[in-house]
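# Examining the three-dimensional arrangement
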Amino acid sequence: LLDEGLGATGARYDPASLASNPFQFPVGLWSTPEVAYFGLSKKQADSIGYEADEGLALYKQCLRGVVFAPEGLLKLVFEKGSGRIL
């Protein structure tokens, strides 16, 4: 199925790219509520030298929660100086 989906979009997937940087591969679970992650946790970012912080938004506070379900949250880990999402 992955190959079919990627073929339909014209995207290319190189398994070697995951080995070189496992944090560049999004992971999700088909569940209710949905679960997914991408990038570094705050603990991981701190351990490799980033000055990181995290922001949190509950789904019930944003459009996604109003449209689909109010349970759940979105957490972003970012670099304090630049605001870049890690």
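If you're wondering where the values come from, they're calculated on a predicted model, not measured in any experiment. (Residues numbered from 1 in each chain as written. Predicted model: local features only at pLDDT ≥ 70, side-chain atom pairs only at ≥ 80, totals over all residues. Heavy atoms only, no water.)

## Details of the confidence of the model for the chain
Caution applies to low-pLDDT regions: their predicted coordinates should not be interpreted in detail. When pLDDT is averaged along the chain, the result is 76; 60% of the residues meet or exceed 70. At the low end of the mean pLDDT range in the chain sits helix 1 (residues 2-9), at 55; at the high end sits helix 3 (residues 42-47), at 94. (pLDDT = per-residue confidence, 0-100. Helix = DSSP H or I, 4+ residues; strand = E, 2+ residues; numbered from the N terminus.)

## Some words on the pattern of salt bridges
Summed over all chains, the structure comprises 3 salt bridges. In this structure, the salt-bridge partner of Asp46 is Lys42, at a minimum N-O distance of 2.8 Å. Linking Asp46 with Lys42, this pair stays in helix 3, spanning 4 residues, or about one helical turn. Accessibility expressed as a relative area gives 36% for Asp46, which makes it partly exposed. On the accessibility criterion, Lys42 (26% relative accessible area) is partly exposed. Across the pair Glu79 and Arg84 runs a salt bridge, and its minimum N-O distance is 3.5 Å. (Salt bridge = Lys/Arg side-chain N within 4 Å of Asp/Glu carboxyl O. Buried < 20%, exposed > 50% of the residue type's maximum accessible area, 1.4 Å probe, protein only.)

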